[in-house]
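What follows is the residue order along each chain.
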Amino acid sequence: MPAVDYYEVLGVGKAASVNEIKTAYRRLAKSHHPDAGGSALTFQLVREAYDTLSDPLRRAGYDADGRSVRAPIRPRPRRRFGDEPGYEPERVVIDPEDLEWWEFAAQDERVRHGRRRGPGHTPVVAAVGGMVLVLLPVLTGVGFSAPTLIVWLILTAGTALLVQRLARGYLAASRAKNRFAAEFGGKRVFGTPGTEADELAERLTADLLERYLTRLPGARIFHGLSWPDSVFADVDHAVLCGKRLVLVESKLWLPGHYETDDDDRLLRNGRAFRGGGSRLTESLAEYRRILPGVTLRGAMIVYPSRTGEITTDHDDPSPAPPMTPEQFLHEIGGWLAAEPSTVDSPTMRVVRDRLTGAA
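Position numbers for residues count from 1 along each chain, tracking the sequence in the order it is written. Selection of residues for local features in this predicted model requires a pLDDT of at least 70, selection of side-chain atom pairs for listing and counting requires 80 or more, and totals for whole chains, interfaces and linings are taken over all residues. Note: side-chain values were computed over all heavy atoms of the structure, leaving out hydrogens and water.

For the protein chain, an unreviewed UniProt entry supplies the name Curved DNA-binding protein CbpA and the organism Amycolatopsis umgeniensis.

In this structure, what is going on with unusual backbone geometry? I would like to understand it.
Most peptide bonds adopt trans geometry, and most residues besides glycine take a negative phi value. Notably, Asp229 is not glycine yet its phi reads approximately 70 degrees, a positive angle. A helix here means a DSSP run of H or I that spans at least four residues, while a strand means a run of E at least two residues long, and both kinds are numbered starting from the N terminus. Its location among the elements puts Asp229 in the loop between strand S3 (220-225) and strand S4 (235-241). A positive phi angle, near 65 degrees, is found at Asp264, a position not held by glycine. In this fold, Asp264 is placed in the loop between strand S6 (256-260) and strand S7 (266-268).

What's the story with helix H8 (residues 200-212) in this structure? I'm lost.
Residue pairs three or four apart in sequence face the same way in an α-helix, which turns once every 3.6 residues. Compared with an ideal rise of 1.5 Å per residue, which puts 13 residues at 18 Å, H8 spans 19 Å between its outermost C-alpha atoms and is within 8% of the ideal. What H8 keeps buried is the set Leu200, Ala201, Glu202, Leu204, Thr205, Ala206, Leu208, Leu209 and Tyr212. Residue contacts are defined here by distance: any two heavy atoms, one from each residue, within 4.5 Å place the two residues in contact. Buried residues along H8 sit in contact with helix H5 (102-105), S3, S4, strand S5 (244-253), strand S9 (295-304) and helix H10 (325-336). By definition here, a helix of n residues has an expected span of 1.5 Å times n minus one. Here the term buried applies to any residue with accessible area under 20% of the maximum for its type, exposed to any over 50%, and partly exposed to those in between, with areas from a 1.4 Å probe on protein chains only.

What am I meant to see in the nonpolar core here?
Soluble globular proteins: nonpolar side chains tend toward being buried together. Counting 31 residues, the largest nonpolar core has Val246, Phe328 and Leu336 as its most contacted members. Secondary-structure elements contributing two or more residues to this core are H5, H8, S4, S5, S9 and H10. Considering each element in turn, this core owes the most residues, six residues, to H8. The nonpolar core is taken to be a set of buried Ala, Val, Leu, Ile, Met, Phe, Trp, Tyr and Cys residues, with the residues joined through side-chain atoms within 4.5 Å. In this structure, Leu254, Phe273, Tyr287 and Val302 belong to the second largest nonpolar core, which totals 28 residues.

What am I meant to see in the pairing of S4 here?
Two faces make up the sheet, and in a regular strand the side chains alternate between them. Burial of S4 is extensive: seven of the seven residues sit out of reach of the surface. Of the strand pairs in this sheet, S4 and S5 are connected by five bridges, and their pairing is antiparallel. Within the sheet, the bridge partner assigned to Val239 lies in S5 and is Val246. As consecutive antiparallel partners, S4 and S5 are separated by two residues, and within that stretch Gly242 has a phi angle of approximately 65 degrees, a positive value. The pairing criterion for strands is at least two bridges between them, as found by DSSP.

Even after reading the chapter, I still don't get the packing of aromatic side chains, so can you show me in this structure?
How two aromatic rings sit relative to each other is set out by the distance from centre to centre and by the angle between their planes. Aromatic pairs are defined between Phe, Tyr and Trp rings, using the six-membered ring for Trp, whenever the two ring centres lie within 6.5 Å; interplanar angles under 30 degrees are classed as stacked, those over 60 as edge-to-face, and all others as tilted. Within the structure shown, the criterion is met by 10 aromatic pairs. Residues Trp101 and Trp102 carry aromatic rings whose centres are separated by 5.7 Å and whose planes lie at 50 degrees to one another, so their mutual orientation is tilted. Note on accessibility: Trp101 and Trp102 belong to one class, buried. Where Phe190 meets Phe222, the ring centres are 5.3 Å apart and the plane angle is 15 degrees; that geometry is what we call stacked. In this pair, Phe190 is assigned in strand S2 (residues 189-190) and Phe222 in strand S3, connecting sequence segments 32 residues apart. For the pair formed by Phe190 and Phe222, the shared burial category is buried. One aromatic cluster is present, formed by Tyr6, Tyr7 and Tyr62 through successive ring pairs. For Arg279, the ring lying beneath its charged end belongs to Trp227, and the centroid distance is 4.8 Å. Only when the NZ of Lys or the CZ of Arg is both within 6 Å of the ring centre and within 35 degrees of the ring normal is a charge said to sit over the ring. The ring of Trp335 has Arg297 sitting right over it, with the charged end atom 5.3 Å from the ring centre.

Which parts of the structure should I look at to understand the sheet that holds S7?
Strand-to-strand pairing in sheets goes through backbone hydrogen bonds, with the strands running parallel or antiparallel. Sheet architecture is open: four strands sit in the order S8-S7-S6-S10, paired in mixed fashion. The sheet is open, and its two edges are formed by strand S8 (271-272) and strand S10 (310-312), each paired on a single side. Examined bridge by bridge, S6 and S7 share three bridges and lie antiparallel to one another. In the sheet register, Tyr258 faces S7, and the bridge partner there is Arg268.

I tried to follow the packing of helix H2 (residues 18-32) against helix H3 (residues 40-53) on my own but got confused; where do I start?
In a packed pair of helices, the relevant descriptors are the angle between the two axes and the axis-to-axis distance. Taken N-terminus to C-terminus, the directions of H2 and H3 make an angle of 165 degrees; their axes are 10 Å apart at the nearest point. Classed by the angle they form, the pair H2 and H3 counts as roughly antiparallel. The two elements H2 and H3 meet at a crossing, and its hand is left-handed. From H2, Ile21, Lys22, Tyr25, Leu28, Ala29 and His32 reach across to H3, where they touch Thr42, Phe43, Val46, Arg47, Tyr50 and Leu53. Lines fitted to C-alpha atoms define the axes here, with helix axes fitted over just the stretch in contact, and angles between the N-to-C directions of these axes take values from 0 to 180 degrees. Throughout this description, any angle smaller than 35 degrees is read as roughly parallel, any larger than 145 degrees as roughly antiparallel, any in the 65 to 115 degree range as roughly perpendicular, and the remainder as oblique. It is the rotation of the near helix from the far one that decides the hand of a crossing: anticlockwise by less than a right angle makes it left-handed, clockwise makes it right-handed.

Sorry, what's going on with H3 here?
With 14 residues, H3 extends 20 Å from end C-alpha to end C-alpha; this agrees with the ideal 20 Å at 1.5 Å per step. If you check which residues of H3 are buried, you get Phe43, Leu45, Val46, Glu48, Ala49, Tyr50, Thr52 and Leu53. Where H3 is buried, its residues contact helix H1 (6-10), H2 and helix H4 (56-65).

Right under this line is the structure:
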């Protein structure tokens, strides 16, 4: 392999601190990442330099050796476990009437922008009708006694105040709606699910989310989110509704029964499962750090990689429990439906900015 100076690759000196190396890597990764139009080989080299120089032990060995030899590129592990050639899980189809939250979610299709939402037609009609009634005596020339005049003035002032508050509510809701439209447009789905041959599970989940959870007027779906300080798609999918965010991983694993034990270790058929990994617990920790006011949940949707059935524990207390697609729609859909019509611009902005690739 040709000699390569990792310090030169990152553009730092040999006395550079870990923070300086990290900053240099982040700057170069953004410009050289393939999703940003960079070269995959160049990005791999930048990543190798960072992995070596950011690890104290590896850096010490690299410096002591006195040679700048590029480390061999390790092949990526296969993500699909237990493949059956030609097998694809069936598209999940659920009767909406079986979902308890389905009708409730669409009762009011108006979107609430934070706490801002128009007052609706009924109170406006009532206020206008009340104003007409209190003005009718003046228009018809009816005289007032002193007590009647006092009552009439109180009713007039109250009605005018109500009309004013309704008008302010309409204007505030209209401004919030216009700001949201200018920033986010009318999109409800952001990002692109996996397009590689081994990302079938991601595409199945994307289809599931978009067919069912868009029933929630305030739901916004994201595919491919990075952690802070990362340029990779560390989170397969996310759904945001109001101040509730669910992070989702998609898995294509062997048929069997999946659950977690008391230590949150993944089990298959009662034994430790070593056929695939998850970073969902870490993802939840990263997003709780950048979204302190948001309620988060995790879900790992599992599909069979070959003929057979996947089952999961419906009472799994793990922060990142395995779920069947059907269980996910019942449980997580109902949880998100607590605020079906709310969109929260600040939270949505943070999540959108973590998208990798095209939005």
